[in-house]
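Analysis of the macromolecular model
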Amino acid sequence: MNQDIIKGKWKQVTGQAKVQWNKLTDDDLGVADGHREYLVGKLQERYGWAKDEAEKQVKDFESRM
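We now turn to the structure provided with this report.

The rules behind the values
- Residues numbered from 1 in each chain as written.
- Predicted model: local features only at pLDDT ≥ 70, side-chain atom pairs only at ≥ 80, totals over all residues.
- Heavy atoms only, no water.
- Helix = DSSP H or I, 4+ residues; strand = E, 2+ residues; numbered from the N terminus.
- Rg over C-alpha atoms; globule rule 2.2 N^0.38 Å.
- Contact = heavy atoms within 4.5 Å.
- Areas by Shrake-Rupley, 256 points an atom, 1.4 Å probe, with all protein chains shown as cover.
- Lys, Arg positive; Asp, Glu negative; His and termini not counted.
- Charge placed at Lys NZ, Arg CZ, Asp CG, Glu CD.
- Core = buried A, V, L, I, M, F, W, Y, C linked by side-chain atoms within 4.5 Å.
- Buried < 20%, exposed > 50% of the residue type's maximum accessible area, 1.4 Å probe, protein only.
- Salt bridge = Lys/Arg side-chain N within 4 Å of Asp/Glu carboxyl O.

With respect to the overall build of the chain
When you go through the chain residue by residue, the secondary structure sums to five helices and zero strands. Ordered by position from the N terminus, the helices and strands of the chain form the series α-α-α-α-α. Over its C-alpha trace the chain gives a radius of gyration of 10 Å, about what one expects of a compact globule, namely 11 Å for 65 residues. Along the first, second and third principal axes, the C-alpha set of the chain runs to 25 × 20 × 20 Å. Here the contacts in the chain between residues at least 6 apart in sequence split such that 42% fall between residues at least 24 apart. Here the chain has roughly 4,100 Å² of accessible surface; of this, 47% comes from carbon and sulfur atoms. The positive charge centre, built from 12 side chains, and the negative charge centre, built from 12, are 3 Å apart in the chain.

Description of the environment of Gly 15
Tracing the backbone shows Gly 15 in helix 2 (residues 10-20). Considering only alpha carbons, one finds Gly 15 and Gly 48, 33 residues apart in sequence, at a separation of 22 Å.

Points about the nonpolar core
Among the nonpolar cores identified, the biggest contains 14 residues, and Trp 10, Trp 21, Leu 39 and Leu 43 are the most heavily contacted of them. Those elements giving two or more residues to this core turn out to be helix 2, helix 3 (26-32), helix 4 (36-47) and helix 5 (51-64). When sequence neighbours within four positions are dropped, the list of residues in contact with Leu 39 reads Trp 10, Trp 21, Leu 24, Leu 29 and Val 58.

Some details on the environment of Ala 54
Following the sequence through the fold, Ala 54 ends up in helix 5. With relative accessibility at 0%, the residue Ala 54 sits in the buried group. Counting along the chain gives 15 residues from Ala 54 to Leu 39, while the straight-line C-alpha distance between them is 8.5 Å.

Thoughts on the pattern of salt bridges
A full pass over the atoms with the stated rule returns 10 salt bridges. Note that Glu 37 and Lys 51 form a salt bridge whose closest N and O atoms lie 3.9 Å from each other. Residue Glu 37 is located in helix 4, and its partner Lys 51 is located in helix 5; the two are separated by 14 residues in the primary sequence. We classify Lys 51 as partly exposed; its relative accessible area is 41%.

And the structure:
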């Protein structure tokens, strides 16, 4: 599923995102609203990952959707 589709269905996939990344809050996911760069930044902040790792995590998540 590409980013445009994920953005359009963000409310539906937030539950799956919470399972994948349990350190993200409901507020984090609400503000992300399908915006990839914000999500990558929040993953870096919450998990202490480098940008490359956070991007890989989001890309893997997108490919499973």
